[in-house]
Amino acid sequence: MSKFRIYDEDDNFIGEYIGDFVKDTKDTVSDSFDTSFGSGLLAISCVLAFKFPWLILVIIGWFILKLLWIVIKFVGRIAWWLLRFGLLCLW
């Protein structure tokens, strides 16, 4: 199976630009961790976002599922409380 490569208008392979970008950001990420832990994590997430753009969709989907689970648990607890209260009233 052949691999497809994307070239720009000057016949330069785009993957080389991404590889060079990652090599150049190693020092920047290290310096970001020296500044603060949060900016170091932000720098790593930016590098990952450029290298793996589908990762952003996975993270957003995970947050949506997590939020949905919190809502389902909340509705379930309210329904359980109402059911217990209703059964107590019928007793």
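Residues numbered from 1 in each chain as written. Predicted model: local features only at pLDDT ≥ 70, side-chain atom pairs only at ≥ 80, totals over all residues. Heavy atoms only, no water.

Nonpolar side chains collect at one region of the surface, where Leu67, Val71, Phe74, Val75, Ile78, Trp81, Leu82 and Phe85 lie side by side and expose about 830 Å² of accessible area between them. With respect to the helices, strands and loops of the structure, Ile78 is situated in helix α3 (residues 54-90). (Patch = residues over 30% accessible without salt bridge, like charges linked within 9 Å, V, L, I, M, F, W, Y side chains within 5 Å. Areas by Shrake-Rupley, 256 points an atom, 1.4 Å probe, with all protein chains shown as cover. Salt bridge = Lys/Arg side-chain N within 4 Å of Asp/Glu carboxyl O. Helix = DSSP H or I, 4+ residues; strand = E, 2+ residues; numbered from the N terminus.)

Here we come to the packing of aromatic side chains. Here the structure, examined in full by the defined rule, presents 2 aromatic pairs. Centroid distance Trp62 to Phe63: 5.1 Å. Interplanar angle 55 degrees. Geometry classified as tilted. Judged by its relative accessible area of 49%, Phe63 falls in the partly exposed class. Ring geometry for Trp81 and Phe85: centres 5.7 Å apart, planes at 5 degrees, overall stacked. (Phe/Tyr/Trp six-rings, centres within 6.5 Å; stacked < 30°, edge-to-face > 60°. Buried < 20%, exposed > 50% of the residue type's maximum accessible area, 1.4 Å probe, protein only.)

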